[in-house]
Amino acid sequence: MLRLIIGNKNYSSWSLRPWLAMTALGIPFEEELVPLDAPDFKARMRERSPAGKVPVLIDGEAVVWESSAILEHLAERLPDRGIWPAEPVARAHARSLATEMHNGFGALRSVAPMNLWRPIEPRAFPDEALKDVRRIARRWGEARRRFGAGGDYLFGAFSGADAMYAPVASRIRTYAIEVDEVAAAYVEAIHAHPAFMAWKEAALKETGALAEDEVDWPIVKRV
Ligand SMILES: N[C@@H](CCC(=O)N[C@@H](CS)C(=O)NCC(=O)O)C(=O)O
């Protein structure tokens, strides 16, 4: 059985990505949650993977860290699950989008942490972060136009690319960041996915606020 080690569901955007891909695409796995603020988090995670971070996928003797490597491992192991679109041009596009997310958009990520229990409330962000949002919305629009006809997601059916961008959709919604109509519809489609809803439901039951992810710390706003 595959085992996925994750962090707090309210905050751990990198953990959400492979969890969402696996859940949405019907890949069975056992989940182990290691709270990010546990005093022994680093010690426990260093025992599991060289980077000492979450997420980590354990597949027998294979230990896979880095969210995009986990998606690639799953795509290779379970080629029929649809981690990437079957059609090669769409697949190349999906991989490029996913990798761009994995390596980029740091300006947005640094000022707008994923925080699922935070009430929806507009917030001002620096231009650089808003530029990231516009670039992301353009990417979503291009993918939806070119490849999205078969469904509500970037490549029609839900894929690894959607899993990679789901935390951004959540940030856009939480901080009420204005986006164009196509991007706004995509944000809603992510929030309407049963796998995303299941993760969020669990996140809302969590306790343990993290200062670095609460933008009004020491105030913690919760729905
Ligand atoms: N590039 C990594 C990022 C992993 C990451 O930064 N995980 C965070 C939680 S979302 C973490 O483990 N933080 C705790 C730490 O760095 O000690 C990936 O794609 O998996």
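Our structure's up above, just so we're on the same page.
Cut-off values and rules
Residues numbered from 1 in each chain as written. Predicted model: local features only at pLDDT ≥ 70, side-chain atom pairs only at ≥ 80, totals over all residues. Heavy atoms only, no water. Pairing = 2+ DSSP bridges. Helix = DSSP H or I, 4+ residues; strand = E, 2+ residues; numbered from the N terminus. Axes fitted to C-alpha atoms, helices over the stretch in contact; angles between N-to-C directions. Salt bridge = Lys/Arg side-chain N within 4 Å of Asp/Glu carboxyl O. Buried < 20%, exposed > 50% of the residue type's maximum accessible area, 1.4 Å probe, protein only. Phe/Tyr/Trp six-rings, centres within 6.5 Å; stacked < 30°, edge-to-face > 60°.

Enquirer: Looking at this model, I keep getting lost on the sheet that holds strand 4 (residues 62-65). Mind explaining?
Expert: The pairing of strands in a sheet comes from backbone hydrogen bonds and takes either a parallel or an antiparallel form. Pairing is mixed across the open sheet formed by 4 strands, whose spatial order is 2-1-3-4. Each edge of the open sheet is held by one strand with a lone partner, namely strand 2 (29-33) and strand 4. On average, each strand axis in the sheet is tilted by 20° relative to the strand beside it, whichever way the strands run. Inspection of the sheet shows strand 3 (residues 56-59) paired to strand 4 by 4 bridges, in the antiparallel sense. Paired with L57 across the strands is V64, a residue of strand 4.

Enquirer: Can you help me understand the pattern of salt bridges in this one?
Expert: Opposite charge on two side chains lets them pair, provided their charged atoms get close. In total, this model carries 18 salt bridges according to the counting rule given. R95 serves as the salt-bridge partner of E72, at 2.9 Å between the closest nitrogen and oxygen. Taken as a pair, E72 in helix 3 (residues 67-77) and R95 in helix 4 (residues 88-103) lie far apart in primary sequence, 23 residues in all. Under the relative-accessibility criterion, E72 is labelled partly exposed at 31%. Judged by relative accessible area, which is 33%, R95 ranks as partly exposed. Among the charged side chains, a network of salt bridges with common partners joins R118, E121, R123, D216 and K221.

Enquirer: I'm lost on the packing of aromatic side chains in this one. Help?
Expert: One pass over the structure, following the stated rule, counts 9 aromatic pairs. Their ring planes at 85° and their centres at 6.2 Å tell us that W140 and Y165 sit as a pair that is edge-to-face. Taken together, the residues span a long stretch of sequence, with W140 in helix 6 (residues 127-147) and Y165 in helix 7 (residues 160-174) at a distance of 25 residues. Judged on exposure class, the residue W140 and its partner Y165 are both buried.

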